[in-house]
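Chain residues, written in single-letter form:
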Amino acid sequence: MDIQGQVAVVGLSRPTKRNALNDGLVEALRDVFQNLPTEVAAAVIHGQGEHFCAGLDLSELKERDAGAGVLHSRSWHVALNAIEQGRVPVVAALHGAVVGGGLELASACHIRVADESTFYALPEGTRGIFVGGGGSVRIPKLIGAARMTDMMLTGRVYNAQDGERIGLAQYLVPVGDALSHAITLATRIATNAPLTNFALMHALPRIAEQAADHGFFTEALISSIAQADPQAKARVNAFLQGKAAKVTKA
Ligand code: 1HE
């Protein structure tokens, strides 16, 4: 991990194995995101080498029976929950292969920036296994259950453009630019009021799953908490005094 200002830049560093996630790497991700230094206000995950991540380290799979498999899947859930439901928003910088557990990891992040070399697949289907890192919960929320089913049944691979079109990534950038663009976004995210980031990470996903009546009520609670914060008052006043940036045309 490298700290750049208020941004933690976390690199997957097994390039010779295409950043395949073995138990040690999953535990390291858990530990990093559960123990981010207090000055960190946003984070970026990227992969070193030619690919973001080749998914589960398949060399460890053959030694597991069903009981060990359940615990292994749960260990991924803990690690990826530490990213998704941690203290700070996380931006994934994607390039090359984003496959299997690599896509599960990317989908636990709050924003995905992909460069033009990126490709996405869920080879679990063709390897006789199933996603186990939270993918069946998170990926349908990005692209819908029908597209995920197709990826797993047929081995379909999406390229970078189509991945952005269907919602696997929110940003598409030229080859080689994903990390710098992700750091730029994270740097900007780190300047938000902490309560706003908290609300977006922890309240919005829950509200989106609530029945409308419950959602409206939860929204009223979290919005009143956010607007009562001194940071919100200061930012709104700065705008009213002409001291804060206007929204400009895209
Ligand atoms: C690996 C892995 C891996 C590469 N586990 N060792 N994921 C997959 O089924 C994807 C498998 N990997 C690939 O399809 C390709 O490796 C890539 C498209 C990602 C990259 O291709 P390439 O040509 O750049 O590399 P390569 O030559 O295939 O691999 C380089 C080395 O990395 C090679 O080892 P070497 O000792 O022969 O040099 C590969 O064996 C090794 N390697 N990927 C182990 N995944 C929580 S459940 C999640 C379930 C899943 O993620 S299943 C999907 C697993």
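Scroll up for the structure.
These numbers were taken from a predicted model, which means no experiment stands behind them. (Residues numbered from 1 in each chain as written. Predicted model: local features only at pLDDT ≥ 70, side-chain atom pairs only at ≥ 80, totals over all residues. Heavy atoms only, no water.)

> Help me out: how do you make sense of the overall build of the protein chain in this one?
Each helix and strand counted, the protein chain has 11 helices and nine strands in total. Judged by the C-alpha coordinates and their principal axes, the protein chain covers about 60 × 40 × 35 Å. Relative to its full complement of 250 residues, the protein chain shows a buried share of 41%. Residue pairs in contact within the protein chain that sit at least 24 positions apart in sequence constitute 71% of those at least 6 positions apart. The averaged location of the 23 negative side-chain charges in the protein chain is 6 Å from the averaged location of its 22 positive side-chain charges. (Helix = DSSP H or I, 4+ residues; strand = E, 2+ residues; numbered from the N terminus. Buried < 20%, exposed > 50% of the residue type's maximum accessible area, 1.4 Å probe, protein only. Contact = heavy atoms within 4.5 Å. Lys, Arg positive; Asp, Glu negative; His and termini not counted. Charge placed at Lys NZ, Arg CZ, Asp CG, Glu CD.)

> Can you help me understand the site of the ligand in this one?
Neighbouring the ligand are 22 residues, the closest being K17, A54, L56, G101 and R127. Here an oxygen atom of the ligand and a backbone polar atom of T16 are 3.4 Å apart. A distance of 2.9 Å separates a nitrogen atom of the ligand from a polar atom in the backbone of L58. Within the complex, the protein chains bury 66% of what would otherwise be the 1000 Å² of accessible surface of the ligand. Of all the secondary structure elements, the ones that give two or more residues to the shell around the ligand are β5 (97-99) and α4 (101-107). Here the residues of the shell around the ligand are counted per class, giving nine nonpolar, seven polar and six charged. (Near = heavy atom within 4 Å. Polar contact = N/O pair within 3.5 Å; in protein donor to acceptor, adjacent residues only side chain to side chain. Areas by Shrake-Rupley, 256 points an atom, 1.4 Å probe, with all protein chains shown as cover. Nonpolar A, V, L, I, M, F, W, Y, C, P; charged D, E, K, R; others polar.)

> Sorry if this is basic, but what is going on with the packing of helix α10 (residues 212-228) against helix α11 (residues 230-240) here?
For any two helices packed against each other, the geometry is given by the interaxial angle and the distance between the axes. Contact geometry for α10 and α11: axes closest at 4 Å, N-to-C directions at 70°. The pairing of α10 with α11 is recorded here as roughly perpendicular in orientation. For the pair α10 and α11, the contacting residues are A226, Q227 and A228 in the first and P230, A232 and K233 in the second. In the contact of α10 with α11, the residues fall into four nonpolar, one polar and one charged. (Axes fitted to C-alpha atoms, helices over the stretch in contact; angles between N-to-C directions. Parallel < 35°, antiparallel > 145°, perpendicular 65-115°, else oblique.)

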